[in-house]
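A look at the structure
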Amino acid sequence: MSLRPGAWLAPVAVVALLAGGAAAAIHSQTVHAPVAQTAQITVRGATTSVDDSGDLVPANTPHLPYSSTHPSPSPVPSTPARPPASPPTRAPAAPAVPAIVIGSYQQTLINRDRAAHGLRPLTWSSCLASVAVSNAVRLSRQGWVPPYHTNGPTLDLGCHLGTRAGENVGYWSGGINDVQLNTMFMNSAEHRANILGPYRYVATAWAVAPNGAAYIAVEFS
(Lines give C-alpha, C1' and ligand atoms only; values in the text may rest on other atoms or scores of the structure.)
Protein backbone atom coordinates (compact mmCIF):
# COMPACT_ATOMS: atom_id res chain seq x y z
CA MET A 1 0.00 0.00 0.00
CA SER A 2 1.44 3.40 -0.99
CA LEU A 3 0.28 7.00 -1.25
CA ARG A 4 -1.45 7.72 -4.54
CA PRO A 5 0.84 9.97 -6.60
CA GLY A 6 -0.61 13.46 -6.79
CA ALA A 7 -3.38 12.66 -4.28
CA TRP A 8 -4.67 15.65 -2.34
CA LEU A 9 -4.41 15.26 1.41
CA ALA A 10 -6.83 17.18 3.55
CA PRO A 11 -5.42 18.64 6.78
CA VAL A 12 -5.32 16.76 10.08
CA ALA A 13 -7.03 13.44 9.57
CA VAL A 14 -7.42 12.62 5.89
CA VAL A 15 -5.35 9.79 4.48
CA ALA A 16 -5.46 9.08 0.74
CA LEU A 17 -4.18 5.65 -0.18
CA LEU A 18 -3.78 3.40 -3.20
CA ALA A 19 -4.05 -0.36 -2.62
CA GLY A 20 -4.26 -2.94 -5.38
CA GLY A 21 -5.31 -0.31 -7.90
CA ALA A 22 -8.14 1.03 -5.72
CA ALA A 23 -8.10 4.56 -4.33
CA ALA A 24 -9.29 5.17 -0.80
CA ALA A 25 -9.43 7.89 1.83
CA ILE A 26 -10.74 8.36 5.36
CA HIS A 27 -11.56 11.22 7.70
CA SER A 28 -12.68 11.52 11.33
CA GLN A 29 -14.35 14.04 13.63
CA THR A 30 -15.20 14.09 17.34
CA VAL A 31 -17.29 16.58 19.29
CA HIS A 32 -18.30 17.00 22.91
CA ALA A 33 -21.59 18.40 24.07
CA PRO A 34 -21.33 21.20 26.68
CA VAL A 35 -22.46 19.91 30.04
CA ALA A 36 -24.04 22.52 32.35
CA GLN A 37 -23.50 22.16 36.07
CA THR A 38 -27.24 22.05 36.60
CA ALA A 39 -27.58 19.15 34.16
CA GLN A 40 -25.66 16.69 36.30
CA ILE A 41 -27.89 13.92 37.59
CA THR A 42 -26.90 11.44 40.27
CA VAL A 43 -28.85 8.22 40.47
CA ARG A 44 -28.60 6.42 43.73
CA GLY A 45 -29.39 2.74 44.06
CA ALA A 46 -31.14 1.37 47.17
CA THR A 47 -31.05 -2.08 48.74
CA THR A 48 -33.39 -3.51 51.42
CA SER A 49 -32.96 -6.35 53.90
CA VAL A 50 -35.46 -8.29 55.99
CA ASP A 51 -34.84 -9.59 59.53
CA ASP A 52 -36.81 -12.79 60.20
CA SER A 53 -35.50 -13.48 63.75
CA GLY A 54 -37.80 -13.15 66.82
CA ASP A 55 -37.46 -13.24 70.62
CA LEU A 56 -37.69 -16.68 72.19
CA VAL A 57 -40.06 -17.32 75.14
CA PRO A 58 -38.47 -19.82 77.61
CA ALA A 59 -40.68 -22.76 78.54
CA ASN A 60 -41.80 -23.40 82.16
CA THR A 61 -39.68 -25.94 84.06
CA PRO A 62 -41.86 -28.96 85.00
CA HIS A 63 -41.34 -30.95 88.28
CA LEU A 64 -41.73 -34.69 88.55
CA PRO A 65 -44.29 -35.93 91.15
CA TYR A 66 -42.78 -37.50 94.33
CA SER A 67 -43.93 -39.60 97.34
CA SER A 68 -43.76 -38.32 100.92
CA THR A 69 -41.84 -41.44 101.87
CA HIS A 70 -39.08 -40.88 99.36
CA PRO A 71 -36.82 -37.94 98.96
CA SER A 72 -37.83 -35.78 96.09
CA PRO A 73 -35.66 -36.18 93.05
CA SER A 74 -33.73 -33.27 91.76
CA PRO A 75 -35.75 -31.30 89.26
CA VAL A 76 -34.86 -32.03 85.67
CA PRO A 77 -34.35 -28.83 83.68
CA SER A 78 -36.23 -28.73 80.45
CA THR A 79 -34.50 -28.12 77.13
CA PRO A 80 -35.54 -24.81 75.61
CA ALA A 81 -37.42 -25.20 72.39
CA ARG A 82 -35.34 -24.50 69.32
CA PRO A 83 -36.51 -21.65 67.14
CA PRO A 84 -37.72 -22.62 63.68
CA ALA A 85 -35.01 -22.49 61.06
CA SER A 86 -35.05 -19.30 59.05
CA PRO A 87 -35.49 -19.76 55.32
CA PRO A 88 -32.24 -19.30 53.36
CA THR A 89 -31.62 -15.73 52.27
CA ARG A 90 -31.60 -15.40 48.50
CA ALA A 91 -29.14 -13.06 46.90
CA PRO A 92 -30.78 -10.36 44.78
CA ALA A 93 -30.91 -11.26 41.12
CA ALA A 94 -28.30 -9.55 38.99
CA PRO A 95 -29.74 -7.03 36.52
CA ALA A 96 -30.16 -8.39 33.03
CA VAL A 97 -27.45 -7.32 30.59
CA PRO A 98 -29.03 -5.59 27.56
CA ALA A 99 -28.66 -7.56 24.37
CA ILE A 100 -26.24 -6.12 21.82
CA VAL A 101 -28.09 -5.36 18.60
CA ILE A 102 -25.99 -5.90 15.47
CA GLY A 103 -26.93 -3.90 12.39
CA SER A 104 -23.96 -4.23 10.04
CA TYR A 105 -20.78 -6.17 9.37
CA GLN A 106 -18.74 -3.00 9.96
CA GLN A 107 -20.22 -2.88 13.47
CA THR A 108 -19.17 -6.49 14.02
CA LEU A 109 -15.60 -5.58 13.05
CA ILE A 110 -15.68 -2.56 15.37
CA ASN A 111 -16.83 -4.69 18.30
CA ARG A 112 -14.12 -7.23 17.48
CA ASP A 113 -11.51 -4.46 17.70
CA ARG A 114 -12.96 -3.26 21.01
CA ALA A 115 -13.01 -6.78 22.48
CA ALA A 116 -9.32 -7.18 21.60
CA HIS A 117 -8.65 -4.13 23.81
CA GLY A 118 -10.89 -5.23 26.69
CA LEU A 119 -13.69 -2.79 25.83
CA ARG A 120 -17.42 -3.45 25.89
CA PRO A 121 -19.23 -3.83 22.56
CA LEU A 122 -21.31 -1.09 21.00
CA THR A 123 -24.97 -1.70 20.28
CA TRP A 124 -26.84 -0.49 17.20
CA SER A 125 -28.81 2.76 17.25
CA SER A 126 -31.51 3.36 14.65
CA CYS A 127 -31.21 7.11 15.32
CA LEU A 128 -27.49 7.08 14.52
CA ALA A 129 -28.23 4.89 11.49
CA SER A 130 -30.38 7.64 9.95
CA VAL A 131 -27.46 10.07 10.37
CA ALA A 132 -25.02 7.57 8.83
CA VAL A 133 -27.26 6.98 5.79
CA SER A 134 -27.66 10.71 5.22
CA ASN A 135 -23.91 11.38 5.35
CA ALA A 136 -22.94 8.36 3.23
CA VAL A 137 -25.42 9.42 0.53
CA ARG A 138 -24.16 13.02 0.68
CA LEU A 139 -20.57 11.86 0.15
CA SER A 140 -21.54 9.56 -2.73
CA ARG A 141 -23.16 12.52 -4.50
CA GLN A 142 -20.47 15.15 -3.86
CA GLY A 143 -17.44 12.86 -4.22
CA TRP A 144 -14.39 12.84 -1.96
CA VAL A 145 -14.03 16.60 -1.71
CA PRO A 146 -14.41 18.88 1.33
CA PRO A 147 -16.40 19.14 3.43
CA TYR A 148 -16.01 15.52 4.46
CA HIS A 149 -18.00 16.20 7.62
CA THR A 150 -20.94 18.57 7.87
CA ASN A 151 -23.17 18.17 10.91
CA GLY A 152 -22.86 14.42 11.54
CA PRO A 153 -21.58 14.50 15.14
CA THR A 154 -24.00 17.32 15.99
CA LEU A 155 -26.90 15.24 14.72
CA ASP A 156 -25.49 12.27 16.66
CA LEU A 157 -25.76 14.31 19.86
CA GLY A 158 -29.37 15.01 18.91
CA CYS A 159 -30.09 11.31 19.41
CA HIS A 160 -29.60 11.96 23.15
CA LEU A 161 -27.48 8.87 23.68
CA GLY A 162 -24.62 10.62 25.49
CA THR A 163 -22.60 13.82 25.73
CA ARG A 164 -19.91 12.77 23.25
CA ALA A 165 -20.18 11.86 19.57
CA GLY A 166 -17.80 10.98 16.77
CA GLU A 167 -17.86 10.14 13.09
CA ASN A 168 -15.55 8.20 10.76
CA VAL A 169 -16.05 8.53 7.01
CA GLY A 170 -14.16 7.08 4.07
CA TYR A 171 -14.44 5.68 0.57
CA TRP A 172 -13.15 2.79 -1.50
CA SER A 173 -13.08 3.05 -5.27
CA GLY A 174 -13.56 -0.70 -5.64
CA GLY A 175 -17.00 -0.75 -4.03
CA ILE A 176 -18.20 -1.80 -0.58
CA ASN A 177 -15.38 -3.39 1.41
CA ASP A 178 -15.91 -3.47 5.19
CA VAL A 179 -12.66 -5.26 6.01
CA GLN A 180 -10.54 -2.83 4.00
CA LEU A 181 -12.10 0.30 5.53
CA ASN A 182 -11.97 -1.15 9.05
CA THR A 183 -8.26 -1.84 8.55
CA MET A 184 -7.69 1.70 7.31
CA PHE A 185 -9.62 3.15 10.27
CA MET A 186 -7.64 1.12 12.80
CA ASN A 187 -4.35 2.17 11.17
CA SER A 188 -5.24 5.85 11.64
CA ALA A 189 -4.86 7.33 15.13
CA GLU A 190 -7.88 9.63 14.82
CA HIS A 191 -10.24 6.95 13.52
CA ARG A 192 -8.91 4.35 15.93
CA ALA A 193 -9.67 6.76 18.81
CA ASN A 194 -13.32 6.79 17.77
CA ILE A 195 -13.51 3.01 17.39
CA LEU A 196 -11.99 2.49 20.85
CA GLY A 197 -13.67 5.54 22.38
CA PRO A 198 -15.97 5.73 25.44
CA TYR A 199 -19.13 5.18 23.43
CA ARG A 200 -22.11 2.86 23.86
CA TYR A 201 -23.83 3.10 20.47
CA VAL A 202 -22.83 2.92 16.83
CA ALA A 203 -24.36 2.80 13.36
CA THR A 204 -22.83 2.50 9.91
CA ALA A 205 -24.01 2.98 6.33
CA TRP A 206 -22.60 2.56 2.83
CA ALA A 207 -23.67 4.46 -0.29
CA VAL A 208 -22.39 3.61 -3.80
CA ALA A 209 -21.80 6.38 -6.35
CA PRO A 210 -22.62 5.96 -10.07
CA ASN A 211 -18.92 5.34 -10.80
CA GLY A 212 -18.91 2.35 -8.41
CA ALA A 213 -16.99 4.02 -5.57
CA ALA A 214 -18.47 3.24 -2.16
CA TYR A 215 -18.65 5.75 0.69
CA ILE A 216 -19.09 4.82 4.34
CA ALA A 217 -20.17 6.83 7.37
CA VAL A 218 -19.77 5.48 10.91
CA GLU A 219 -21.52 7.34 13.74
CA PHE A 220 -20.62 6.93 17.42
CA SER A 221 -22.28 8.15 20.61
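Before any of the text, the structure's been laid out above.
Heads up: these notes are all about the structure in this document. Fair warning: this is a prediction, and the values are worked out from it, not measured in the lab.

Conventions and cut-offs
Residues numbered from 1 in each chain as written. Predicted model: local features only at pLDDT ≥ 70, side-chain atom pairs only at ≥ 80, totals over all residues. Heavy atoms only, no water. Phe/Tyr/Trp six-rings, centres within 6.5 Å; stacked < 30°, edge-to-face > 60°. Buried < 20%, exposed > 50% of the residue type's maximum accessible area, 1.4 Å probe, protein only. Helix = DSSP H or I, 4+ residues; strand = E, 2+ residues; numbered from the N terminus. Disulfide = S-S within 2.5 Å. Core = buried A, V, L, I, M, F, W, Y, C linked by side-chain atoms within 4.5 Å. Axes fitted to C-alpha atoms, helices over the stretch in contact; angles between N-to-C directions. Parallel < 35°, antiparallel > 145°, perpendicular 65-115°, else oblique. Left-handed = near helix turned anticlockwise from the far one by under 90°. Contact = heavy atoms within 4.5 Å.

A few words now on the packing of aromatic side chains. Counted under the stated rule, the structure contains four aromatic pairs. Ring centres of Trp144 and Tyr148 lie 4.5 Å apart, and the angle between their planes is 40°; on these two criteria the pair is classed as tilted. Here Tyr148 falls in the buried class, since its relative accessible area comes to 4%. When the ring of Trp144 is compared with that of Tyr171, the centres are 5.4 Å apart and the planes differ by 40°; the resulting orientation is tilted. Separated by 27 residues along the polypeptide, Trp144 in the loop between helix H2 (126–142) and helix H3 (152–157) and Tyr171 in strand E4 (residues 164–172) bring together distant segments of the chain. Overall, Trp144 belongs to the buried group, its relative accessible area being 14%. The class for Tyr171 is buried, based on a relative accessible area of 8%. An aromatic cluster is built from Trp144, Tyr148, Tyr171 and Tyr215, whose rings are joined through pairwise contacts.

Enumeration according to the criterion identifies one disulfide in this entry. Sulfur-sulfur distance for the disulfide between Cys127 and Cys159 comes to 2.0 Å. Its S-S torsion of about -85° marks the bond between Cys127 and Cys159 as left-handed, since a negative value means left-handed. A residue pair is termed long-range when its members are at least 10 positions apart, and Cys127 in helix H2 and Cys159 in the loop between H3 and E4 qualify at 32 residues.

Moving on: the nonpolar core. With 14 residues, the main nonpolar core has Ile110, Leu181, Phe185, Val218 and Phe220 as its most contacted residues. Listing elements by their share of this core, those giving two or more residues are helix H4 (178–186) and strand E6 (214–220). Among the elements that take part in this core, H4 stands out by supplying four residues, more than any other. Listed in part, the 13 residues of the second largest apolar core include Ala136, Val169, Ala207 and Ala217.

To continue, consider the packing of helix H1 (residues 105–116) against H4. For the pair H1 and H4, the least separation of the axes is 10 Å and the interaxial angle reads 40°. The orientation of H1 relative to H4 falls into the category oblique. Like other packed secondary-structure pairs, H1 and H4 cross with a definite hand, here right-handed. Counting all contacts with H1, which are made through Tyr105, Gln106, Leu109, Ile110 and Asp113, the residues of H4 involved are Asp178, Val179, Leu181, Asn182, Phe185 and Met186.

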